[in-house]
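# Structural overview for review
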Amino acid sequence: MEQKLREELYQTNQKLYVAMRAFQMAAEESRSLVFTYDLKRQTIFVDEQTARTFGVAEVQPDVPYGMVGRGIVSEDTVDEYIRIHEEILNGGLQAEGIVKLITVDGTLSVQKLKFEMIMDAEGKPSGTAVGIYRDITGQYQDEKELRRYQRLDYVIQAMKNDYLGIFELDLVKERYCVLHCGREHSFPLPMEGDYKELVDKVAEKLIAPEFLELSRQFTSLDRMRRLLAVEERAELEYMTTEPGNPWRRSAIRCVKRVDGIPVQAVVFQMDIDQAKSERLRNQLALQEAYRYAESANRAKLDFMSTMSHDMRTPLNAVMGMTSIARTRLNEPERLAQCLDSIDGAARHLLDLVNEVLDMNKLEAGAARLCEARFSLREAVDSVHSLLAPLAKEHGHCFFVSCFEVNHVWVLGDRSRFEQILVNLLSNSIKYTPDGGTITLSVRETASNSANYGVYEICAEDNGIGMSREFKEVMFEPFTRAEDSRFCKVTGTGLGMSITRSLVYMMDGEIQVHSEPGQGTCITVSLHLKAAKQDDTGMGDGNSNGEGGKELPDLTGIRILLAEDNDLNAEIAKELLEHLGAEVKRAANGREAVQMFEASAQGYYDLIFMDIQMPKMNGYEAVRQIRTLERTDAGRVPVIAMTANAFAEDVKAALGAGMNGHLAKPADLHRMAEAAVSSVQRGTADAS
């Protein structure tokens, strides 16, 4: 029965096909293809012409999937093609969509496919649908192009606000047309007209004078044609005469050529003032940074040259006097003179090294101040004692005043305070002709705080003075005054730079008053905390000067010397033993701990401890000694004797449990005084 129905349906489709041929012929006139689709057999019935065009049978089974496999459907519309067919196969009465089909010769066409179910006499789906392909390729391309132009117009509308003006330029007729004008110009601007007239008017009204010639060359039609014949784009940046002289950019782009000859261009006018100004500022900043780097580099080269000279001078003295001393071993007086000269040259070398290291620390922000209780008068007297011999050599009258001070005892860094005074006064001594007058005065001025005093330090001389130009650079590193009368003056050129940095670290100010030939007065104002009677800070500040005192007798004092360097150990051991001390050496921190632990209770009166040593450093050695279970471990005086000579190094030594700090190179007076005072304090603590 079912087979009979299928045969009848097939015959009906055949009749329907014949009946539709007339309709097909009419449909061809409207560029449409009409066919029937047997849903159960998934077979289409097409005419002969359609079959040949797409390379299918007139009765083509396996639709839609076989059609996809044959490559008739464009890949980008396969999903849509299958969707339309499955919609009608799944019971839909209508289905439609747009697909792309490929003919036998490879031509791609855009088709609007529509299915409609044929209903039987009872109004039920018959199982056959009529399909219509309508070629809309031309319409599709037109709509696609229209959408493209619409999107392009959106882009243009969005971008045009970035331009002050957009002009179309006919290079043949030499005329322009305004496509976009972003704002009102300072002069009337016709919407179209003669290009040369526009250029002349713009040059007259808008272009800054220094850019007129460049603008004329850029806007020349002959030059523009030659340039656009080989380039796609050309541009010019220029300054205008509008208020503030803003910067503009004109860009020309060729949009049409005929036989390789540019015939049409578009001109864009852009406001680049902000970007140009920023770029110019960056360039100026780079140039300034380059000049500064060059200046710093020259200064450092000059510094290296000067340092080479300044270091070789004392080195020459050391080596020369050493050679002379060897030839005068039997002449004690001459030998003593040589040794004094060697000592002076060595101290000068040490000053040079200290200043360079100081400057390096200050520039790196690594310098630290120590807070200790000290007497301003004692500090000033110490500086006076240190510099008085030098002033006397030059025949200067050297006056010091520290009487107008209410709070003599203060909390601060005495070493740095004295360094400021020494730097100021040593310059006065060096740059004042022999027989001059040097004055240092320290006075306390009114302060808004009850806990802090304001101290005004004034270093004044009647020396050569300074020019205005030198005063502007006197605080820059490696800068020294140049005067033929003082060409033999030595120094690093770092003293005043260090002085200003120290003053600023102490929350102070520094002022300079000087005229050429009229002398110099430098005033420093410092804020120092007033010390109470029981304030001790990190310990009383001590002067490093020798003070002309006789060497103390160290007879009976037993000292443990921890020093890894053989030469340094030999020097320290011999100097101390010369004063009567009994010295035993440890070659590193671990050995020092072992020697102290192995000694009898109270055997060592004092320990001199180097810091940087192998196996165990000085800090750790002291910590281990302090923790030993013996009564003398906590009270034996330990003094750091190290090349780590900065304020933070002193603080680190005290924090590790040491009682004092001596900076290398070893100085007999300071070693002896430190030994005596430490032993005396240790004895007092024990009792």
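Residues numbered from 1 in each chain as written. Predicted model: local features only at pLDDT ≥ 70, side-chain atom pairs only at ≥ 80, totals over all residues. Heavy atoms only, no water.

### As for the overall build of the protein chain
What counts here: Secondary structure is summarised from DSSP: a helix means a run of H or I of at least four residues, a strand means a run of E of at least two, and numbering begins at the N terminus for each. Residue burial is assigned from relative accessible area. The probe radius is 1.4 Å, only protein chains are included, and a residue is buried under 20% of its type maximum, exposed over 50%, and partly exposed in between. Any pair of residues with heavy atoms lying within 4.5 Å of one another is described as a contacting pair.
Secondary structure assignment for the protein chain yields 19 helices and 24 strands. A burial count over the protein chain gives 40% of its 687 residues as buried. Counting contacts in the protein chain only where the partners sit at least 6 residues apart, residues at least 24 apart contribute 60% of the total.

### Regarding the sheet that holds strand S22 (residues 606-609)
Backbone-to-backbone hydrogen bonds join strands into a sheet, with any given pair of strands oriented parallel or antiparallel. Basically, it comes down to this: The pairing criterion is simple: DSSP has to find at least two bridges between the two strands. Working convention: axes come from line fits to C-alpha atoms, limited for helices to the stretch in contact. Angles between N-to-C directions cover 0 to 180 degrees.
Read from one edge to the other, the open sheet built from 5 strands follows the order S21-S20-S22-S23-S24, with strand pairing classed as parallel. On the outer flanks of this sheet lie strand S21 (582-586) and strand S24 (660-663), each paired with one strand and no other. Pairwise comparison of adjacent strand axes, ignoring direction, gives a mean angle of 20° for this sheet. Sheet analysis places strand S20 (residues 558-562) next to S21, joined by 5 bridges and oriented parallel. Paired with Ala562 across the bridge in S21 is Ala586. Those strands touched by helix H16 (residues 589-598) are S20, S21 and S22, and its axis lies near 130° from that of S21.

### A look at the nonpolar core
This is how the line gets drawn: To form a nonpolar core, buried Ala, Val, Leu, Ile, Met, Phe, Trp, Tyr and Cys residues must be joined to one another through side-chain atoms within 4.5 Å.
Leu376, Phe417, Leu425, Ile457, Met474 and Leu526 are the most contacted members of the largest nonpolar core, which has 40 residues in total. Those elements that place two or more of their residues in this core are helix H11 (376-393), strand S14 (397-404), helix H12 (414-430), strand S16 (437-445), strand S17 (452-461), helix H14 (495-505), strand S18 (509-515) and strand S19 (519-530). Setting aside residues up to four positions removed in sequence, Leu425 forms contacts with Val383, Leu387, Phe398, Ile438, Leu440 and Ala459.

### Focus: the packing of aromatic side chains
Two descriptors summarise a pair of aromatic rings, namely the distance from one centre to the other and the angle between the planes of the rings. Short version of the rule: Between 30 and 60 degrees the pair is tilted, below 30 it is stacked and above 60 it is edge-to-face, where a pair is any two Phe, Tyr or Trp rings, Trp via its six-membered ring, whose centres lie within 6.5 Å. Both a distance and an angle decide whether a charge sits over a ring: NZ of Lys or CZ of Arg must be within 6 Å of the ring centre and within 35 degrees of the ring normal.
A full pass over the atoms with the stated rule returns 8 aromatic pairs. Relative to Phe115, the ring of Phe35 lies with its centre 5.7 Å away and its plane at 85°, an arrangement referred to as edge-to-face. A residue pair is termed long-range when its members are at least 10 positions apart, and Phe35 in strand S1 (residues 32-38) and Phe115 in strand S5 (residues 108-119) qualify at 80 residues. Residue Phe35 is classed as buried on the basis of its relative accessible area of 5%. A centroid spacing of 5.7 Å and a plane angle of 45° characterise the contact between Phe374 and Phe417, whose relative ring orientation is tilted. Pair noted here: Phe374 is in strand S13 (residues 372-375) and Phe417 is in helix H12, with a separation of 43 residues, a long-range link. According to the relative accessible area criterion, Phe374 is buried, its value standing at 1%. Taking the relative accessible area as the measure of exposure, Phe417 reaches 2% and is therefore buried. By the ring-pair criterion, three or more aromatic residues cluster together here, those being Phe35, Tyr37, Phe115 and Tyr133. Arg373 extends its terminal NZ or CZ atom over the ring of Trp409, reaching a point 4.1 Å from the ring centre.

### Remarks on the sheet that holds strand S2 (residues 43-45)
In spatial order, the strands read S3-S2-S1-S6-S5-S4; together these 6 strands make up an open sheet with antiparallel pairing. Among the strands making up the open sheet, the edge pair consists of strand S3 (59-60) and strand S4 (94-102). Pairing between S5 and strand S6 (residues 125-135): 8 bridges, direction antiparallel. Looking across to S6, one finds that Glu116 is bridged to Val130. Along the sheet face, helix H4 (residues 78-89) touches S1, S4, S5 and S6 and points at about 150° away from the line of S4.

### Observations regarding the side chain of Ser375
Note that Ser375 resides in strand S13. Ignoring any residue separated from it by four or fewer positions in sequence, one finds Ser375 in contact with Val408 and Trp409.

### Notes on the environment of Glu476
Relative to the assigned elements, Glu476 resides in the loop between helix H13 (468-473) and H14. In the structure, Glu476 is positioned 22 residues away from Ile498 in sequence and 9.4 Å away in space, judged by C-alpha atoms. Non-local contacts of Glu476, meaning those with residues more than four positions away in its chain, are made with Gly493 and Ser497.

### What to know about the environment of Leu335
Assignment of secondary structure puts Leu335 in helix H10 (residues 332-363). Each C-alpha atom of the pair Leu335 and Thr322 lies 9.3 Å from the other, and the pair is 13 residues apart in sequence. If we skip the residues at most four places from it in the chain, Leu335 touches Ala325, Arg328 and Leu329.

### Things to note about the packing of H16 against helix H17 (residues 618-626)
Quick note on the threshold: Here the word oblique covers every angle except those under 35 degrees (roughly parallel), over 145 (roughly antiparallel) and from 65 to 115 (roughly perpendicular). Crossing chirality is assigned from the near helix's rotation relative to the far helix, an anticlockwise turn below a right angle marking it left-handed and a clockwise turn marking it right-handed. Three classes are used, and their members are as follows: Ala, Val, Leu, Ile, Met, Phe, Trp, Tyr, Cys and Pro are nonpolar, Asp, Glu, Lys and Arg are charged, and the others, Gly among them, are polar.
Taken N-terminus to C-terminus, the directions of H16 and H17 make an angle of 20°; their axes are 8 Å apart at the nearest point. Judged by the angle between their axes, H16 and H17 are roughly parallel. When you trace H16 past H17, the crossing you get is right-handed. When H16 is examined against H17, the residues Gly589, Val593 and Phe596 are found in contact with a partner set consisting of Ala621, Gln624 and Ile625. In the contact of H16 with H17, the residues fall into 4 nonpolar, 2 polar and no charged.

### Points about the confidence of the model for the protein chain
Detailed conclusions should not be drawn from predicted coordinates in areas where pLDDT is low. Definition in use: Confidence of the predictor in every single residue is expressed as pLDDT, which spans 0 to 100.
Residues with a pLDDT of 70 or more make up 81% of the protein chain, whose mean pLDDT is 81. The low-confidence segment residues 484-488 (pLDDT under 50) makes 6 contacts with residues lying over four places distant or belonging to another chain.

### Some remarks on H14
Counting along an α-helix, one turn takes 3.6 residues, and residues three or four places apart therefore face a common direction. Inspection of H14 places Gly495, Met496, Ser497, Ile498, Thr499, Leu502 and Val503 among the buried residues, and these make up the whole buried set. Among the residues trailing H14, Asp507 stands out with phi positive, at a value near 60°.

### Some words on the side chain of Arg248
How we decide: Side-chain atoms alone can form a polar contact between residues adjacent in sequence; in general such a contact is a pair of N or O atoms within 3.5 Å, and within protein one must be able to donate a hydrogen while the other accepts it.
Turning to its location among the elements, Arg248 is positioned in strand S11 (residues 247-258). For Arg248, a relative accessible area of 4% gives the class buried. Within the structure, the side chain of Arg248 is placed 3.2 Å from the side chain of Asp271, a separation counted as a polar contact.

### Observations concerning the pattern of salt bridges
Where we set the bar: One side-chain nitrogen of Lys or Arg within 4 Å of one carboxyl oxygen of Asp or Glu is enough to make a salt bridge.
In this structure the tally under the stated criterion is 28 salt bridges. One salt bridge connects Arg83 with Glu87, and the closest N-O pair in it is separated by 2.8 Å. Pair noted here: Arg83 and Glu87 are both in helix H4, with a separation of 4 residues, about one helical turn. A salt bridge links Glu174 to Lys196; the nearest nitrogen and oxygen atoms lie 3.8 Å apart. One end of the pair, Glu174, is in the loop between strand S7 (165-170) and strand S8 (175-181); the other, Lys196, is in helix H6 (residues 195-205), and 22 residues separate them in sequence. Judged by relative accessible area, Glu174 falls into the partly exposed class, the value being 21%. By sharing partners, the salt bridges in this structure join Arg233, Glu235, Glu237, Arg249 and Arg279 into a single network.

### Things to note about the pairing of S7
Pairing analysis gives 6 bridges linking S7 to S8, with the strands arranged antiparallel. Counterpart to Ile166 in the pairing with S8 is His180. The turn linking S7 back onto S8 is made up of 4 residues, and Glu174 within it adopts a positive phi angle of 60°. Here S7 runs beside strand S12 (residues 261-271); their pairing, made up of 6 bridges, is antiparallel. In the sheet register, Leu169 faces S12, and the bridge partner there is Ala265.

### Focus: the packing of H12 against H14
Running from amino to carboxyl end, H12 crosses H14 at an angle of 145°, the nearest separation of the two axes being 10 Å. Here the hand of the crossing between H12 and H14 comes out left-handed. Listed contacts from H14 to Arg416, Gln419, Ile420, Asn423, Leu424 and Asn427 of H12 are Gly495, Met496, Ile498, Thr499, Leu502 and Val503. For the contact of H12 with H14, a count of residues per class yields 6 nonpolar, 5 polar and 1 charged.

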